[in-house]
Amino acid sequence: ISSSTTTTIGAERTIDSYALANADQFNYISSGDNLAIGQSFRSAGDKLTRVTFYGRAVGSPTGNTTAQLYGHTGTFGTTGLPSGSVLATSDVIDSTTISAVEGPVTFTFSGDQQYVMTSGSVYVIAWSYTGGSTSNHIGVDVDISSPTAAGRAYYLKGSTWFTTTQDPIGTSGATDDMSFILSGSAVTITTTTIRPQLIASYSF
């Protein structure tokens, strides 16, 4: 008995999203603010290809910014948190190219950073920026008043993730959602088993 495995990569599709129209707040990422803001989502078994967040440059941030994929532990959408080390990192974007006018910022995952996620598992996709300062940062669009996404937002300060953060007009709630569009390619793995068959015989 022998078997062979075939992996088929489908067309790019939207894995999850939350509309920019829902956003009502900018929360900051920089060396002097949150180091990253992430959103949890449930995977359908895709290879990660890109993510679009929405935001703007505030002041004159410098240095590179990326998107990062993390694992997740706990209950999806309620008490869970990002967990472990970074699973995948996007190509870098020079923060000086981000407009001062609110708009989409798209990160591409290339090569071996196109992480193949497990169907049914929960992950966190985050916008990370460790440059800049409290006066030169990136403002990230977040819904803090009436979030309805299945997942939830998280804020990285130092090496610890939190469900709330201090923002320009007060403290965000514990159920915030980022505006984002996450894309990937469907991965189908097919295993074919070949069993030997008796074609002919001759008795001695």
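Figured I'd write up the structure that's included with this text. (Residues numbered from 1 in each chain as written. Predicted model: local features only at pLDDT ≥ 70, side-chain atom pairs only at ≥ 80, totals over all residues. Heavy atoms only, no water.)

### Things to note about the overall build of the protein
When you go through the protein residue by residue, the secondary structure sums to zero helices and 16 strands. Looking at the protein as a whole, 43% of its 204 residues are labelled buried. Summarising the internal contacts of the protein: among those between residues at least 6 apart in sequence, 83% fall at separations of at least 24. Total accessible area on the protein stands at roughly 9900 Å², and carbon and sulfur atoms take up 51% of it. (Helix = DSSP H or I, 4+ residues; strand = E, 2+ residues; numbered from the N terminus. Buried < 20%, exposed > 50% of the residue type's maximum accessible area, 1.4 Å probe, protein only. Contact = heavy atoms within 4.5 Å. Areas by Shrake-Rupley, 256 points an atom, 1.4 Å probe, with all protein chains shown as cover.)

### Details of the packing of aromatic side chains
Enumeration over the complete set of coordinates arrives at six aromatic pairs. Ring plane angle 80° and centroid distance 5.2 Å describe the contact between Tyr70 and Trp161, whose orientation is recorded as edge-to-face. Here the residue Tyr70 occupies a position in strand β5 (residues 64–73), and Trp161 occupies one in strand β12 (residues 160–162), the gap between them amounting to 91 residues. You can call Trp161 buried: its relative accessible area is 12%. Of the aromatic side chains, those joined through ring pairs into one cluster are Phe41, Tyr115 and Tyr123. We note Arg56 situated over the ring of Phe26; from NZ or CZ to the ring centre the distance is 4.0 Å. (Phe/Tyr/Trp six-rings, centres within 6.5 Å; stacked < 30°, edge-to-face > 60°. Lys NZ or Arg CZ within 6 Å of the ring centre and 35° of its normal.)

### Overview of the pattern of salt bridges
It is possible for side chains bearing opposite charge to pair when their charged atoms get close. Evaluation of the coordinates by the stated rule reveals two salt bridges. The closest approach of N and O atoms between Arg50 and Glu12, which form a salt bridge, is 2.8 Å. A residue pair is termed long-range when its members are at least 10 positions apart, and Arg50 in strand β4 (residues 46–58) and Glu12 in strand β1 (residues 2–18) qualify at 38 residues. Of the residues examined, Arg50 reaches a relative accessible area of 33% and is grouped as partly exposed. Here Asp46 and Arg13 are joined by a salt bridge, their closest N and O atoms 2.8 Å apart. Of this pair, Asp46 sits in strand β4 while Arg13 sits in strand β1, and the two are 33 residues apart along the sequence. (Salt bridge = Lys/Arg side-chain N within 4 Å of Asp/Glu carboxyl O.)

### With respect to the environment of Asp46
Judged by relative accessible area, which is 1%, Asp46 ranks as buried. C-alpha separation for the pair Asp46 and Thr14, spaced 32 residues apart in sequence, amounts to 9.8 Å. Discounting residues that sit within four places of it in the chain, Asp46 has contacts with Arg13, Ile15, Tyr115, Val116, Met117, Gly184, Ser185, Ala186 and Val187. Within the local environment of Asp46, its side chain forms a polar contact with the backbone nitrogen of Ala186, the two atoms lying 3.3 Å apart. (Polar contact = N/O pair within 3.5 Å; in protein donor to acceptor, adjacent residues only side chain to side chain.)

### Let's talk about the side chain of Thr66
Positionally, Thr66 belongs in strand β5. Judged by relative accessible area, Thr66 falls into the buried class, the value being 11%. Beyond its immediate chain neighbours, meaning those up to four positions away, Thr66 contacts Thr89, Ser90, Asp91, Val92, Phe107, Ala126, Trp127 and Ser128.

### Overview of the nonpolar core
Grouped together as the largest cluster of nonpolar side chains are 30 residues, with contacts concentrated most on Phe53, Ile125 and Trp127. Ranked by residues supplied to this core, first place goes to β4 with four residues. Contact partners of Ile125, with chain neighbours within four places excluded, come to Ile37, Gly38, Gln39, Phe41, Leu48, Val51, Phe53, Gln68, Leu69, Phe109, Met178 and Leu182. Membership of the second largest hydrophobic core comes to eight residues, among which are Tyr70, Ala126, Tyr154 and Trp161. (Core = buried A, V, L, I, M, F, W, Y, C linked by side-chain atoms within 4.5 Å.)

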